[in-house]
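# Descriptive structure summary
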Amino acid sequence: MADPYIKDYLMTAGPTPLPPRVSQVMAEPMVYHRAPAFVDIYARALERLRIPFQTANDVLAFASSGSGAMESAVANLVRPGEPALVASCGKFGERWAELCEAYGAELHHYEAEWGTKVDPAEVERRLAESGATVLFTTLSETSTGVVNDVAALTEAAHAHGALIAVDAVSALGAVPVRQDEIGVDVVVAGSQKALMSPPGLGFASVGEAALAYAEESPGRRYYFDWGRTAKGQRKDPPDSPFTPAVGLFLALDVALGMIEEEGLEQVFERHRLLGRATREAVKALELELFGPEDENANVVTAIKVPDGVEGARVPKVMRDKYGITIAGGQSSLKGKIVRIAHCGYFGAFDIVTTIAALEMTLRELGADIELGAGVAAAQRVFLEAGVAAATPA
Ligand SMILES: *Cc1c(COP(=O)(O)O)cnc(C)c1O
């Protein structure tokens, strides 16, 4: 029976769903970016950005996707012909290596197996061996669901006198980044994942040591020059050196206001619960998680496609038949895994609904699945935690 009221659910790790308040503000009339009407919002959004980064740094904002923020880190930190170390464990980590090569670094690339974490001891060895002065790595490796131990990696980098730049594009606002507590030199992110905003803003939270290091080697960059943007943003009121993405800033400000209102710790707790419920559902369905079962891996859950099921069909049936968009595997994981995201504007019933459709889909595709087993496991997690809708103020 065709059901015209099957609703659409976006369950991918970027773009992620927008809260209605965030989409609505995008429909406001355009404002001049030097008028107080915008400058006040710009200043507030920049201030609020420090919350998820857990930093006192100026968070530099660019009109770009997350990869643009990554490129800014490479453009500012890589010196042609000098060694740089990339420690990767998936598709997004590899992007650091491609960027370093594009900017002429002498690239040293430690590739941990996909589905495993980057090993801090191996990073130490590679730093000693290469003499690299910058380490590029990933907090949440979205292609596999793995969340790395950035505290240990920062310690390793600093023990060798190297700076560390961390890709937190999918992690920021879902799992703790603790930039200042850990002492991470550079954290980059994007607007369209756990920050519940549309795609199009890239962020780099840059500590003083990294800013100084970048300034020692100027040139080969313009729009992405950290010094130029830092200088503008540090004015009172802040002044972007280029036209900021005005509409996206309005949206970001509303979304960050929601994070502030919910409270960062509660935001993390919600993601912990969503991650746990998803993993419990997977186990109850006797499916296999891809990668280690990790209570910190609360950004995206990667699930091995069971034997006998054509992997690429799973996201396709989920979307075309049930209206639920999840992601498949990338590169070497194509057809082998599916990924359910829970970073951003997600609540308990998004997971329950998605698991219900996954059960139906896998069963249709020939897997031996007990309908309701995964749903029940997720329900149990939510019931035990006492989830409930927030009481309207
Ligand atoms: C999404 C993502 C990126 C890339 O972001 P774009 O906005 O698509 O450029 C980089 N790293 C990680 C870990 C991501 O999840």
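Here's a quick rundown of the structure. Each chain has its residues counted from 1, following the order in which its sequence is written. Per-residue local features are limited, in this predicted model, to residues with pLDDT of at least 70; the limit for side-chain atom pairs, both in listing and counting, is 80 or more; totals at the level of whole chains, interfaces and linings are taken over all residues. Only hydrogens and water are set aside; all other atoms, that is, all heavy atoms of the structure, feed into the side-chain values.

## Quick notes on the overall build of the protein
Rules: Only runs of H or I of at least four residues qualify as helices and only runs of E of at least two qualify as strands under DSSP, and these elements are numbered from the N terminus. Radius of gyration: over C-alpha atoms. The globule rule applied is 2.2 Å multiplied by the number of residues raised to the 0.38 power. We call a residue buried when its accessible area falls under 20% of the maximum for its residue type, exposed when it is over 50%, and partly exposed in between, using a 1.4 Å probe and counting protein chains only. Pairs of residues are marked as contacts when any of their non-hydrogen atoms sit within 4.5 Å. All accessibility values rest on the Shrake-Rupley procedure with a 1.4 Å probe; residue burial counts only the protein chains present in the view.
A count of helical and extended segments in the protein gives 14 helices and 14 strands. Since a compact globule built from 393 residues should have a radius of gyration of about 21 Å, the 21 Å found for the protein is in line with a globular shape. Dimensions along the principal axes, computed over C-alpha positions, put the protein at roughly 65 × 55 × 35 Å. For the protein, buried positions account for 56% of its 393 residues. At a minimum sequence separation of 6, the contacts of the protein that also span at least 24 residues come to 71%. As displayed, the protein offers around 16,500 Å² of accessible surface, 52% of which is attributable to carbon and sulfur atoms.

## Quick word on empty space enclosed by the protein
Cut-off, in case you're wondering: Grid points spaced at 1 Å and placed over the protein atoms alone form the basis of the search, with a cavity being a set where a 1.4 Å probe fits but cannot get out and a pocket an open set showing protein on both sides within 12 Å along at least five of seven lines. Lining residues have an atom within 4 Å of a point. Grid points are joined across faces, edges and corners, and a volume is the space filled by probe spheres set on the points. Residues were grouped as follows: Ala, Val, Leu, Ile, Met, Phe, Trp, Tyr, Cys and Pro as nonpolar; Asp, Glu, Lys and Arg as charged; and all remaining residues, including Gly, as polar. Boundary definitions for the domains trace back to an automatic or database domain assignment.
Taken as a whole and assessed by the stated rule, the structure comprises seven cavities of 30 Å³ or more. Considering only enclosed or pocket space, the largest cavity measures out at about 130 Å³ in volume. G145, F290, P292, A297 and V300 are the residues nearest the centre of the largest cavity, which is lined by 16 residues in total. Going through the elements one at a time, β7 (146–147) and β11 (300–304) are the ones with two or more residues in the lining of the largest cavity. Counting residues per element, the lining of the largest cavity draws most heavily on β11, at three residues. For the lining of the largest cavity, a count of residues per class yields eight nonpolar, four polar and four charged. Both of domain 1 (9–16 + 264–385) and domain 2 (31–260) provide at least three residues apiece to the lining of the largest cavity.

## Focus: the state of the cysteines
To keep things clear, this is the line we draw: Here, two cysteine sulfur atoms that lie within 2.5 Å of each other are counted as a disulfide.
Per the counting criterion, the structure on display carries zero disulfides. There is no disulfide at C89, and the cysteine sulfur nearest it, in C100, is 16 Å away. Take C89: its relative accessible area is 1%, and that puts it in the buried class. With no disulfide partner, C343 has as its closest neighbouring cysteine sulfur the one in C89, 16 Å distant. We classify C343 as buried; its relative accessible area is 0%.

## Brief notes about the packing of helix α11 (residues 264–284) against helix α13 (residues 348–364)
Here is the rule: Where helices are involved, their axes are fitted lines through C-alpha atoms of the stretch in contact, as for all axes, and angles between N-to-C directions lie from 0 to 180°. Roughly parallel refers to an angle under 35 degrees, roughly antiparallel to one over 145, roughly perpendicular to one between 65 and 115, and oblique to any angle outside these ranges. By convention the crossing between two helices is left-handed if the near helix lies anticlockwise of the far one by an angle smaller than a right angle, and right-handed if it lies clockwise.
Between α11 and α13, whose axes approach to 10 Å, the crossing angle comes to 20°. When the axis of α11 is compared with that of α13, the two are roughly parallel. Here the hand of the crossing between α11 and α13 comes out right-handed. Of the residues in α13, those touching α11 at L274, A277, T278 and A281 are A348, I351 and I355. A per-class count over the contact of α11 with α13 returns six nonpolar, one polar and no charged.

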